[in-house]
Amino acid sequence: MAEETIALQAQGRDNVATVFAEGVVGGTEVVVVDAMGARTPLTVIGTIPYGHKVALRDISVGERIIKYGEEIGVASQGIRMGGHVHVHNLDSMRGRGDLEEGA
Amino acid sequence: MASFMGYRRPDGRHGARNLVAVIPSVTCANDVAQAISRQVGGTVAYLHHQGCCQLPPDLERVTNTLISLGRGPNVGAVLIVSLGCEGTDHARMHEELLATGKPVEVIHIQELGGVTKAIRAGTDAARRLAILVSGLQRERADIAEVVMAIKCGASDTTSGTASNCVIGAVADRMVDLGATVVFGETTEFIGGEHLLARRAVTSEVGRQIYDIVDAMETRAKSVGCDMRRGQPTPGNMAGGLSSIEEKSLGAIVKSGTRPIQGVLGYPDFVTSQKGLWIKDTPGREPEILTGMAATGAQLMCFSTGLGAPQGFPSMPVIKICGNPRTYRRMEEDMDVNAGLVITGERSVEEVAEETFAKVVRVLDGEMTRNEAIGYFSAIDIHCLGPVI
(Lines give C-alpha, C1' and ligand atoms only; values in the text may rest on other atoms or scores of the structure.)
Protein backbone atom coordinates (compact mmCIF):
# COMPACT_ATOMS: atom_id res chain seq x y z
CA MET A 1 0.00 0.00 0.00
CA ALA A 2 1.36 3.42 -0.95
CA GLU A 3 2.05 5.68 2.00
CA GLU A 4 0.47 8.64 0.25
CA THR A 5 -1.90 10.50 2.56
CA ILE A 6 -5.36 10.68 1.05
CA ALA A 7 -8.27 12.96 1.98
CA LEU A 8 -11.55 12.01 0.31
CA GLN A 9 -13.97 14.68 -0.88
CA ALA A 10 -17.34 12.94 -1.22
CA GLN A 11 -19.05 15.51 -3.51
CA GLY A 12 -17.87 18.43 -5.61
CA ARG A 13 -19.51 21.13 -3.49
CA ASP A 14 -18.10 19.82 -0.19
CA ASN A 15 -15.89 22.27 1.71
CA VAL A 16 -14.35 19.46 3.78
CA ALA A 17 -12.62 16.16 2.98
CA THR A 18 -12.07 13.14 5.24
CA VAL A 19 -8.52 12.05 6.04
CA PHE A 20 -8.03 8.29 6.26
CA ALA A 21 -4.44 8.21 7.48
CA GLU A 22 -2.50 8.25 10.72
CA GLY A 23 0.15 10.71 11.79
CA VAL A 24 -1.26 13.73 9.93
CA VAL A 25 0.18 16.78 11.71
CA GLY A 26 0.75 20.45 10.89
CA GLY A 27 2.66 20.79 7.64
CA THR A 28 1.74 17.34 6.31
CA GLU A 29 0.79 17.44 2.67
CA VAL A 30 -2.33 15.39 1.90
CA VAL A 31 -3.73 14.57 -1.52
CA VAL A 32 -7.39 15.53 -1.79
CA VAL A 33 -9.19 13.07 -4.08
CA ASP A 34 -12.56 14.27 -5.34
CA ALA A 35 -15.56 12.20 -6.46
CA MET A 36 -14.20 12.12 -10.04
CA GLY A 37 -10.77 10.96 -8.90
CA ALA A 38 -9.01 14.30 -9.48
CA ARG A 39 -6.13 14.92 -7.08
CA THR A 40 -5.11 18.20 -5.46
CA PRO A 41 -2.39 18.65 -2.82
CA LEU A 42 -3.30 20.43 0.44
CA THR A 43 -1.08 21.36 3.38
CA VAL A 44 -2.64 20.63 6.74
CA ILE A 45 -2.67 23.02 9.71
CA GLY A 46 -2.47 21.17 13.05
CA THR A 47 -3.13 17.50 13.84
CA ILE A 48 -5.94 15.65 12.07
CA PRO A 49 -6.77 12.26 13.59
CA TYR A 50 -7.71 9.25 11.43
CA GLY A 51 -11.18 9.63 9.92
CA HIS A 52 -11.47 13.35 10.76
CA LYS A 53 -12.16 16.23 8.40
CA VAL A 54 -9.93 18.89 6.88
CA ALA A 55 -11.20 22.23 5.51
CA LEU A 56 -10.70 22.53 1.75
CA ARG A 57 -10.91 26.33 1.85
CA ASP A 58 -11.32 29.13 4.38
CA ILE A 59 -14.72 28.90 6.09
CA SER A 60 -16.19 31.90 7.95
CA VAL A 61 -18.19 31.85 11.20
CA GLY A 62 -21.81 30.99 10.46
CA GLU A 63 -21.02 29.38 7.13
CA ARG A 64 -22.46 25.93 6.46
CA ILE A 65 -20.11 22.92 6.48
CA ILE A 66 -20.89 20.70 3.47
CA LYS A 67 -20.11 16.97 3.17
CA TYR A 68 -21.83 14.46 0.84
CA GLY A 69 -23.14 17.60 -0.89
CA GLU A 70 -25.34 18.27 2.17
CA GLU A 71 -25.19 20.48 5.26
CA ILE A 72 -23.63 18.70 8.24
CA GLY A 73 -23.47 21.76 10.50
CA VAL A 74 -22.40 25.37 10.81
CA ALA A 75 -18.95 26.84 11.56
CA SER A 76 -18.91 28.11 15.16
CA GLN A 77 -15.60 29.92 14.47
CA GLY A 78 -13.55 30.84 11.44
CA ILE A 79 -11.72 27.83 9.98
CA ARG A 80 -8.65 28.16 7.77
CA MET A 81 -8.00 26.07 4.69
CA GLY A 82 -6.16 22.94 5.84
CA GLY A 83 -7.59 23.17 9.38
CA HIS A 84 -9.19 20.38 11.40
CA VAL A 85 -13.02 20.54 11.26
CA HIS A 86 -14.78 18.87 14.20
CA VAL A 87 -16.97 19.53 17.25
CA HIS A 88 -14.72 22.40 18.43
CA ASN A 89 -15.56 24.53 15.37
CA LEU A 90 -18.65 22.84 13.91
CA ASP A 91 -22.06 23.15 15.58
CA SER A 92 -24.91 20.79 14.80
CA MET A 93 -28.11 22.47 13.63
CA ARG A 94 -30.40 19.63 14.69
CA GLY A 95 -31.63 18.17 17.96
CA ARG A 96 -30.68 21.37 19.77
CA GLY A 97 -32.78 20.96 22.91
CA ASP A 98 -30.33 23.40 24.57
CA LEU A 99 -31.59 26.20 22.32
CA GLU A 100 -35.29 25.55 23.00
CA GLU A 101 -37.25 28.08 24.98
CA GLY A 102 -37.02 27.37 28.70
CA ALA A 103 -33.96 25.15 28.36
CA MET B 1 -34.13 -18.31 -9.42
CA ALA B 2 -31.76 -17.15 -6.70
CA SER B 3 -32.46 -19.50 -3.84
CA PHE B 4 -31.42 -20.69 -0.40
CA MET B 5 -32.06 -23.74 1.77
CA GLY B 6 -34.48 -22.99 4.58
CA TYR B 7 -36.86 -24.57 7.09
CA ARG B 8 -40.46 -24.35 5.87
CA ARG B 9 -42.92 -22.91 8.40
CA PRO B 10 -46.70 -23.38 8.43
CA ASP B 11 -47.19 -19.91 6.86
CA GLY B 12 -45.05 -20.97 3.87
CA ARG B 13 -42.03 -18.82 4.79
CA HIS B 14 -38.61 -20.41 5.23
CA GLY B 15 -36.31 -19.92 8.18
CA ALA B 16 -32.53 -19.70 8.02
CA ARG B 17 -32.43 -21.19 11.53
CA ASN B 18 -34.59 -23.74 13.36
CA LEU B 19 -34.84 -22.58 16.95
CA VAL B 20 -37.20 -22.90 19.89
CA ALA B 21 -37.88 -19.40 21.25
CA VAL B 22 -38.32 -19.13 25.01
CA ILE B 23 -40.28 -15.89 25.43
CA PRO B 24 -40.71 -14.28 28.85
CA SER B 25 -43.97 -12.30 28.70
CA VAL B 26 -42.47 -9.88 31.23
CA THR B 27 -39.01 -9.05 32.55
CA CYS B 28 -39.96 -10.73 35.86
CA ALA B 29 -39.93 -14.11 34.08
CA ASN B 30 -36.40 -13.68 32.70
CA ASP B 31 -34.50 -15.85 35.16
CA VAL B 32 -36.83 -18.78 34.57
CA ALA B 33 -36.61 -18.36 30.79
CA GLN B 34 -32.83 -18.14 30.99
CA ALA B 35 -32.52 -21.26 33.15
CA ILE B 36 -34.68 -23.22 30.71
CA SER B 37 -32.76 -22.00 27.69
CA ARG B 38 -29.40 -22.82 29.29
CA GLN B 39 -30.60 -26.35 29.98
CA VAL B 40 -32.15 -27.22 26.61
CA GLY B 41 -30.17 -27.26 23.35
CA GLY B 42 -31.63 -25.57 20.28
CA THR B 43 -33.41 -22.91 22.33
CA VAL B 44 -32.90 -19.16 22.67
CA ALA B 45 -34.41 -16.81 25.27
CA TYR B 46 -35.40 -13.17 24.71
CA LEU B 47 -34.33 -11.56 27.98
CA HIS B 48 -35.96 -8.13 27.69
CA HIS B 49 -36.83 -5.63 30.42
CA GLN B 50 -40.43 -4.67 29.71
CA GLY B 51 -43.99 -5.89 30.20
CA CYS B 52 -45.35 -4.44 33.44
CA CYS B 53 -45.97 -1.10 35.19
CA GLN B 54 -46.28 0.59 31.82
CA LEU B 55 -49.23 2.31 30.17
CA PRO B 56 -51.52 0.60 27.60
CA PRO B 57 -49.79 1.80 24.38
CA ASP B 58 -46.46 0.39 25.61
CA LEU B 59 -48.00 -2.81 27.00
CA GLU B 60 -49.64 -3.42 23.64
CA ARG B 61 -46.34 -2.64 21.91
CA VAL B 62 -44.49 -5.17 24.08
CA THR B 63 -47.16 -7.85 23.56
CA ASN B 64 -47.13 -7.29 19.78
CA THR B 65 -43.33 -7.26 19.57
CA LEU B 66 -43.10 -10.56 21.45
CA ILE B 67 -45.76 -12.09 19.15
CA SER B 68 -43.82 -10.88 16.09
CA LEU B 69 -40.60 -12.42 17.46
CA GLY B 70 -42.40 -15.76 17.89
CA ARG B 71 -43.82 -15.55 14.34
CA GLY B 72 -40.35 -15.10 12.79
CA PRO B 73 -39.37 -17.81 10.29
CA ASN B 74 -36.16 -18.67 12.18
CA VAL B 75 -38.36 -19.82 15.08
CA GLY B 76 -39.78 -23.35 14.82
CA ALA B 77 -41.62 -23.50 18.13
CA VAL B 78 -42.35 -21.24 21.08
CA LEU B 79 -42.42 -21.59 24.85
CA ILE B 80 -44.03 -18.61 26.58
CA VAL B 81 -42.88 -18.06 30.17
CA SER B 82 -45.48 -16.01 32.02
CA LEU B 83 -45.29 -14.87 35.62
CA GLY B 84 -49.08 -14.61 35.94
CA CYS B 85 -49.70 -11.02 37.06
CA GLU B 86 -47.93 -9.11 34.26
CA GLY B 87 -49.29 -6.18 32.30
CA THR B 88 -48.73 -7.74 28.88
CA ASP B 89 -51.51 -9.84 27.39
CA HIS B 90 -50.00 -13.32 27.72
CA ALA B 91 -53.31 -14.98 26.76
CA ARG B 92 -53.40 -13.10 23.43
CA MET B 93 -49.73 -13.88 22.91
CA HIS B 94 -50.54 -17.58 23.30
CA GLU B 95 -53.61 -17.43 21.00
CA GLU B 96 -51.91 -15.49 18.22
CA LEU B 97 -48.81 -17.67 18.26
CA LEU B 98 -50.96 -20.85 18.19
CA ALA B 99 -52.70 -19.36 15.13
CA THR B 100 -49.36 -19.42 13.26
CA GLY B 101 -49.60 -23.22 13.26
CA LYS B 102 -46.31 -23.58 15.13
CA PRO B 103 -46.09 -25.74 18.26
CA VAL B 104 -46.56 -23.41 21.25
CA GLU B 105 -46.54 -24.12 24.97
CA VAL B 106 -46.98 -21.80 27.92
CA ILE B 107 -46.05 -21.98 31.59
CA HIS B 108 -47.15 -19.66 34.41
CA ILE B 109 -44.65 -19.31 37.25
CA GLN B 110 -47.16 -18.32 39.97
CA GLU B 111 -49.63 -21.07 39.02
CA LEU B 112 -46.91 -23.75 38.96
CA GLY B 113 -45.87 -22.91 42.52
CA GLY B 114 -42.68 -20.93 42.05
CA VAL B 115 -39.41 -20.62 40.24
CA THR B 116 -37.97 -24.12 40.72
CA LYS B 117 -41.17 -25.86 39.67
CA ALA B 118 -41.56 -23.50 36.71
CA ILE B 119 -37.99 -24.20 35.58
CA ARG B 120 -38.71 -27.93 35.81
CA ALA B 121 -41.98 -27.69 33.85
CA GLY B 122 -40.50 -25.27 31.34
CA THR B 123 -37.44 -27.45 30.77
CA ASP B 124 -39.75 -30.41 30.10
CA ALA B 125 -41.78 -28.36 27.62
CA ALA B 126 -38.73 -26.88 25.89
CA ARG B 127 -37.15 -30.33 25.58
CA ARG B 128 -40.33 -31.65 23.91
CA LEU B 129 -40.42 -28.72 21.51
CA ALA B 130 -36.70 -28.90 20.69
CA ILE B 131 -36.92 -32.58 19.81
CA LEU B 132 -40.13 -31.96 17.83
CA VAL B 133 -38.59 -29.33 15.51
CA SER B 134 -35.12 -30.88 15.31
CA GLY B 135 -36.01 -33.39 12.60
CA LEU B 136 -37.09 -30.76 10.08
CA GLN B 137 -34.96 -30.72 6.90
CA ARG B 138 -33.96 -27.66 4.89
CA GLU B 139 -35.61 -27.27 1.50
CA ARG B 140 -35.04 -24.93 -1.45
CA ALA B 141 -36.72 -21.54 -1.20
CA ASP B 142 -36.76 -18.38 -3.31
CA ILE B 143 -34.55 -15.49 -2.15
CA ALA B 144 -37.60 -13.32 -2.90
CA GLU B 145 -39.19 -14.46 0.36
CA VAL B 146 -36.25 -13.27 2.45
CA VAL B 147 -36.58 -10.30 4.78
CA MET B 148 -33.12 -8.79 5.28
CA ALA B 149 -32.58 -6.19 8.00
CA ILE B 150 -29.75 -3.68 7.77
CA LYS B 151 -28.12 -1.52 10.41
CA CYS B 152 -24.93 0.35 11.28
CA GLY B 153 -23.49 0.57 14.79
CA ALA B 154 -20.40 2.04 16.44
CA SER B 155 -20.00 4.08 13.28
CA ASP B 156 -17.16 6.34 12.28
CA THR B 157 -16.45 8.18 9.06
CA THR B 158 -15.42 4.96 7.31
CA SER B 159 -19.05 3.74 7.65
CA GLY B 160 -20.48 6.25 5.19
CA THR B 161 -17.50 5.83 2.88
CA ALA B 162 -17.11 2.04 2.80
CA SER B 163 -19.23 -0.42 4.79
CA ASN B 164 -22.58 1.36 4.36
CA CYS B 165 -21.92 1.69 0.61
CA VAL B 166 -21.35 -2.08 0.54
CA ILE B 167 -24.62 -2.75 2.37
CA GLY B 168 -26.41 -0.30 0.04
CA ALA B 169 -25.25 -2.30 -2.98
CA VAL B 170 -26.37 -5.57 -1.34
CA ALA B 171 -29.72 -4.00 -0.39
CA ASP B 172 -30.33 -2.92 -4.00
CA ARG B 173 -29.50 -6.41 -5.21
CA MET B 174 -31.86 -8.06 -2.70
CA VAL B 175 -34.68 -5.66 -3.66
CA ASP B 176 -34.07 -6.42 -7.35
CA LEU B 177 -34.34 -10.15 -6.58
CA GLY B 178 -37.80 -9.51 -5.10
CA ALA B 179 -36.81 -9.68 -1.44
CA THR B 180 -37.73 -7.33 1.39
CA VAL B 181 -35.10 -5.06 2.95
CA VAL B 182 -35.81 -3.14 6.15
CA PHE B 183 -33.75 -0.34 7.66
CA GLY B 184 -34.39 1.84 10.71
CA GLU B 185 -32.53 4.09 13.16
CA THR B 186 -34.90 7.02 12.77
CA THR B 187 -32.53 9.14 14.89
CA GLU B 188 -30.00 8.73 12.13
CA PHE B 189 -32.32 10.15 9.50
CA ILE B 190 -32.06 13.60 11.17
CA GLY B 191 -30.45 15.87 8.61
CA GLY B 192 -30.93 13.39 5.76
CA GLU B 193 -34.70 12.91 5.85
CA HIS B 194 -35.24 15.00 2.70
CA LEU B 195 -33.12 12.53 0.73
CA LEU B 196 -35.20 9.60 2.00
CA ALA B 197 -38.53 11.38 1.46
CA ARG B 198 -37.54 11.99 -2.19
CA ARG B 199 -37.31 8.22 -2.63
CA ALA B 200 -40.74 7.52 -1.10
CA VAL B 201 -43.20 5.85 -3.47
CA THR B 202 -45.99 8.29 -2.54
CA SER B 203 -46.15 11.73 -0.96
CA GLU B 204 -47.98 10.12 1.97
CA VAL B 205 -44.97 7.84 2.65
CA GLY B 206 -42.71 10.89 2.32
CA ARG B 207 -44.79 12.73 4.91
CA GLN B 208 -44.61 9.71 7.25
CA ILE B 209 -40.80 9.80 7.01
CA TYR B 210 -40.78 13.48 8.04
CA ASP B 211 -43.26 12.69 10.84
CA ILE B 212 -41.24 9.90 12.46
CA VAL B 213 -38.06 12.00 12.30
CA ASP B 214 -39.85 14.98 13.81
CA ALA B 215 -41.23 12.81 16.64
CA MET B 216 -37.78 11.36 17.37
CA GLU B 217 -36.08 14.78 17.31
CA THR B 218 -38.82 16.30 19.51
CA ARG B 219 -38.36 13.51 22.09
CA ALA B 220 -34.60 14.14 22.10
CA LYS B 221 -34.99 17.92 22.39
CA SER B 222 -37.52 17.64 25.23
CA VAL B 223 -34.64 16.84 27.61
CA GLY B 224 -33.23 20.34 27.05
CA CYS B 225 -29.74 19.32 25.95
CA ASP B 226 -27.80 19.51 22.72
CA MET B 227 -28.48 16.10 21.21
CA ARG B 228 -24.75 15.84 20.50
CA ARG B 229 -24.28 15.04 24.20
CA GLY B 230 -25.69 11.57 23.40
CA GLN B 231 -25.87 11.19 19.60
CA PRO B 232 -23.42 11.03 17.88
CA THR B 233 -21.95 8.92 20.69
CA PRO B 234 -18.54 9.80 22.19
CA GLY B 235 -17.09 6.94 20.11
CA ASN B 236 -18.69 8.24 16.91
CA MET B 237 -17.13 11.65 17.60
CA ALA B 238 -13.71 10.16 18.37
CA GLY B 239 -14.07 8.44 15.01
CA GLY B 240 -14.51 11.80 13.30
CA LEU B 241 -18.29 12.25 13.10
CA SER B 242 -19.02 15.83 14.17
CA SER B 243 -22.82 16.06 14.14
CA ILE B 244 -25.99 14.00 13.88
CA GLU B 245 -26.39 15.35 10.34
CA GLU B 246 -23.03 13.92 9.29
CA LYS B 247 -23.78 10.61 11.01
CA SER B 248 -27.21 10.42 9.33
CA LEU B 249 -25.95 11.19 5.84
CA GLY B 250 -23.41 8.38 6.19
CA ALA B 251 -25.97 6.03 7.75
CA ILE B 252 -28.68 6.30 5.11
CA VAL B 253 -26.21 5.26 2.41
CA LYS B 254 -26.80 1.69 3.59
CA SER B 255 -30.40 1.84 2.33
CA GLY B 256 -29.10 1.82 -1.26
CA THR B 257 -30.98 3.62 -3.98
CA ARG B 258 -34.30 1.84 -4.47
CA PRO B 259 -37.72 3.44 -3.77
CA ILE B 260 -38.98 3.41 -0.19
CA GLN B 261 -42.30 1.56 -0.04
CA GLY B 262 -43.51 2.56 3.41
CA VAL B 263 -42.93 2.95 7.13
CA LEU B 264 -43.46 0.07 9.56
CA GLY B 265 -44.25 0.53 13.24
CA TYR B 266 -41.80 -0.89 15.78
CA PRO B 267 -43.66 -4.19 16.47
CA ASP B 268 -44.81 -4.74 12.86
CA PHE B 269 -44.25 -8.10 11.22
CA VAL B 270 -43.70 -8.18 7.45
CA THR B 271 -46.27 -10.32 5.67
CA SER B 272 -46.65 -9.42 1.99
CA GLN B 273 -44.55 -6.23 1.86
CA LYS B 274 -41.79 -6.36 -0.76
CA GLY B 275 -38.98 -3.99 -1.62
CA LEU B 276 -37.32 -1.46 0.66
CA TRP B 277 -39.08 -0.46 3.91
CA ILE B 278 -38.33 1.73 6.90
CA LYS B 279 -39.00 0.59 10.46
CA ASP B 280 -39.30 3.35 13.06
CA THR B 281 -36.64 2.46 15.64
CA PRO B 282 -33.94 4.17 17.69
CA GLY B 283 -30.30 3.46 16.87
CA ARG B 284 -29.26 1.65 20.05
CA GLU B 285 -28.42 -1.98 19.44
CA PRO B 286 -30.65 -3.92 21.89
CA GLU B 287 -33.79 -2.09 20.75
CA ILE B 288 -33.17 -2.00 17.01
CA LEU B 289 -31.98 -5.61 16.81
CA THR B 290 -35.19 -6.69 18.57
CA GLY B 291 -37.34 -4.47 16.34
CA MET B 292 -35.67 -5.84 13.22
CA ALA B 293 -36.01 -9.46 14.33
CA ALA B 294 -39.70 -8.66 14.95
CA THR B 295 -40.14 -7.84 11.25
CA GLY B 296 -39.49 -11.53 10.63
CA ALA B 297 -36.00 -10.87 9.24
CA GLN B 298 -34.07 -14.09 8.59
CA LEU B 299 -30.79 -12.18 8.92
CA MET B 300 -29.18 -8.76 9.29
CA CYS B 301 -26.25 -7.02 7.61
CA PHE B 302 -24.58 -4.80 10.21
CA SER B 303 -21.96 -2.22 9.32
CA THR B 304 -19.44 -0.98 11.86
CA GLY B 305 -16.42 1.30 11.98
CA LEU B 306 -15.28 1.24 15.60
CA GLY B 307 -16.34 -2.38 16.18
CA ALA B 308 -19.84 -3.24 17.48
CA PRO B 309 -19.93 -6.95 18.29
CA GLN B 310 -23.60 -7.43 19.30
CA GLY B 311 -26.04 -9.84 17.65
CA PHE B 312 -29.51 -11.23 18.29
CA PRO B 313 -30.49 -14.68 19.58
CA SER B 314 -32.61 -15.77 16.61
CA MET B 315 -31.37 -13.53 13.78
CA PRO B 316 -27.87 -14.11 12.37
CA VAL B 317 -25.98 -10.81 12.10
CA ILE B 318 -23.26 -10.38 9.47
CA LYS B 319 -20.65 -7.83 10.57
CA ILE B 320 -19.17 -5.69 7.84
CA CYS B 321 -16.29 -3.56 9.07
CA GLY B 322 -15.44 -0.37 7.18
CA ASN B 323 -12.40 0.69 9.19
CA PRO B 324 -9.22 -1.19 8.21
CA ARG B 325 -7.60 -0.47 11.59
CA THR B 326 -10.60 -1.88 13.47
CA TYR B 327 -10.69 -4.91 11.19
CA ARG B 328 -7.06 -5.66 12.03
CA ARG B 329 -7.79 -5.41 15.76
CA MET B 330 -11.19 -7.18 15.82
CA GLU B 331 -11.01 -9.52 12.86
CA GLU B 332 -12.42 -12.46 14.83
CA ASP B 333 -15.69 -10.57 15.41
CA MET B 334 -16.05 -9.44 11.77
CA ASP B 335 -17.38 -11.34 8.75
CA VAL B 336 -16.43 -8.94 5.95
CA ASN B 337 -13.52 -6.52 5.59
CA ALA B 338 -14.89 -3.41 3.86
CA GLY B 339 -11.81 -1.54 5.09
CA LEU B 340 -10.21 -2.67 1.82
CA VAL B 341 -12.37 0.00 0.15
CA ILE B 342 -10.70 2.67 2.31
CA THR B 343 -7.21 1.39 1.55
CA GLY B 344 -8.06 1.27 -2.15
CA GLU B 345 -7.40 -2.48 -2.43
CA ARG B 346 -11.00 -3.42 -3.36
CA SER B 347 -14.00 -1.66 -4.87
CA VAL B 348 -17.39 -1.30 -3.17
CA GLU B 349 -18.80 -3.65 -5.84
CA GLU B 350 -16.21 -6.35 -5.09
CA VAL B 351 -16.87 -6.26 -1.34
CA ALA B 352 -20.65 -6.20 -2.00
CA GLU B 353 -20.27 -9.37 -4.09
CA GLU B 354 -18.41 -11.05 -1.24
CA THR B 355 -21.07 -9.87 1.23
CA PHE B 356 -23.93 -11.13 -0.93
CA ALA B 357 -22.26 -14.56 -1.13
CA LYS B 358 -21.99 -14.55 2.67
CA VAL B 359 -25.69 -13.58 2.94
CA VAL B 360 -26.68 -16.63 0.89
CA ARG B 361 -24.37 -18.93 2.85
CA VAL B 362 -25.78 -17.64 6.16
CA LEU B 363 -29.33 -18.21 4.88
CA ASP B 364 -28.20 -21.76 4.02
CA GLY B 365 -27.01 -22.27 7.58
CA GLU B 366 -23.41 -21.06 7.79
CA MET B 367 -22.75 -19.36 11.11
CA THR B 368 -21.79 -15.72 11.40
CA ARG B 369 -18.84 -14.80 13.62
CA ASN B 370 -21.35 -13.38 16.09
CA GLU B 371 -23.32 -16.63 16.25
CA ALA B 372 -20.17 -18.67 16.72
CA ILE B 373 -19.12 -16.38 19.57
CA GLY B 374 -22.67 -16.39 20.99
CA TYR B 375 -22.73 -12.71 21.92
CA PHE B 376 -26.38 -11.75 21.74
CA SER B 377 -28.15 -11.75 25.09
CA ALA B 378 -28.45 -7.95 25.56
CA ILE B 379 -31.78 -7.30 23.87
CA ASP B 380 -34.67 -4.97 24.61
CA ILE B 381 -37.99 -3.62 23.37
CA HIS B 382 -38.22 0.08 22.56
CA CYS B 383 -41.04 1.74 24.52
CA LEU B 384 -42.19 5.35 24.39
CA GLY B 385 -43.91 6.04 27.71
CA PRO B 386 -42.71 6.02 31.30
CA VAL B 387 -42.11 3.03 33.55
CA ILE B 388 -44.55 3.73 36.38
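Treat the numbers as computed from the prediction; the structure is a model and nothing was measured.

Rules used throughout
Residues numbered from 1 in each chain as written. Chains lettered and ligands numbered in written order. Predicted model: local features only at pLDDT ≥ 70, side-chain atom pairs only at ≥ 80, totals over all residues. Helix = DSSP H or I, 4+ residues; strand = E, 2+ residues; numbered from the N terminus. Buried ≥ 20, exposed ≤ 12 C-beta atoms within 10 Å, placed from the backbone. Contact = placed C-beta atoms within 7 Å. Nonpolar A, V, L, I, M, F, W, Y, C, P; charged D, E, K, R; others polar. Pairing = 2+ DSSP bridges. pLDDT = per-residue confidence, 0-100. Domains from an automatic or database assignment. Core = buried A, V, L, I, M, F, W, Y, C linked by C-beta atoms within 7 Å.

**What to know about the overall build of chain A**
Then comes step 1: From N to C terminus, chain A includes zero helices and nine strands.
Then comes step 2: Along chain A, helices (α) and strands (β) appear in the sequence β-β-β-β-β-β-β-β-β when read from the amino end.
Then comes step 3: Seen along its three principal axes, the alpha-carbon backbone of chain A occupies a region of about 55 × 25 × 25 Å.
Then comes step 4: Residues classed as buried in chain A amount to 38% of the 103 residues present.

**Thoughts on the interface of chain A and chain B**
Then comes step 1: Between chain A and chain B, the contact holds 28 residues from the first and 29 residues from the second.
Then comes step 2: The element contributing the most residues to the side of chain A that touches chain B is strand β7 (residues 70-75) of chain A, with four residues.
Then comes step 3: Here the residues of the side of chain A that touches chain B are counted per class, giving twelve nonpolar, eight polar and eight charged.

**Things to note about the pairing of strand β10 (residues 260-264) of chain B**
Residue and element names in this part refer to chain B.
Then comes step 1: Counting buried positions along β10 yields four of five residues, so the element is predominantly enclosed.
Then comes step 2: Across three bridges, the pairing between β10 and strand β11 (residues 275-279) is parallel. Each bridged residue has a counterpart across the sheet, and for Val263 the counterpart in β11 is Ile278.

**Here we look at the confidence of the model for chain B**
Detailed reading of the predicted model is not advised wherever pLDDT is low.
Then comes step 1: Here chain B shows a mean pLDDT of 97. Residues at 70 or above account for 100%.
Then comes step 2: Confidence estimates for the predicted assembly give a pTM of 0.96 and an ipTM of 0.96.

**Describing the domain arrangement of chain B**
Residues and elements named next belong to chain B.
Then comes step 1: The assigned domain composition of chain B is domain 1 (19-134) and domain 2 (143-373).
Then comes step 2: The straight-line distance from the C-alpha centre of domain 1 to that of domain 2 is 29 Å.
Then comes step 3: Counting from both sides, the interface comprises 16 residues of domain 1 and, opposite them, eleven residues of domain 2.
Then comes step 4: Of all the elements in the fold, those that place two or more residues in the side of domain 1 that touches domain 2 are β3 (19-24), β4 (43-45) and α2 (56-71).
Then comes step 5: Element by element, the count of residues in the side of domain 1 that touches domain 2 is highest for α2, at six residues.
Then comes step 6: Considering only residue class, the side of domain 1 that touches domain 2 consists of eight nonpolar, six polar and two charged.

**Some details on the sheet that holds β7 of chain A**
All names here are of chain A.
Then comes step 1: Ordered by their spatial adjacency, three strands build an open sheet running β6-β7-β9, and the pairing between neighbours is antiparallel. A strand with exactly one partner marks an edge of an open sheet, and here the two such strands are β6 (64-67) and β9 (90-91).
Then comes step 2: With four bridges joining them, β6 and β7 adopt antiparallel strand pairing. Each bridged residue has a counterpart across the sheet, and for Arg64 the counterpart in β7 is Val74.

**Looking at the nonpolar core**
Then comes step 1: Among the nonpolar cores identified, the biggest contains 135 residues, and Val54 of chain A together with Val22, Met148 and Met300 of chain B are the most heavily contacted of them.
Then comes step 2: Per-element accounting of this core gives the leading share, nine residues, to helix α6 (residues 159-176) of chain B.
Then comes step 3: Here this core spans two domains, since at least three of its residues come from each of domain 1 (19-134) and domain 2 (143-373) of chain B.
Then comes step 4: In this view, Val22 of chain B contacts Ala33, Ile36, Ser37, Thr43, Val44, Ala45, Leu79, Val81 and Ala126 of chain B; residues no more than four positions away in its chain are not counted.

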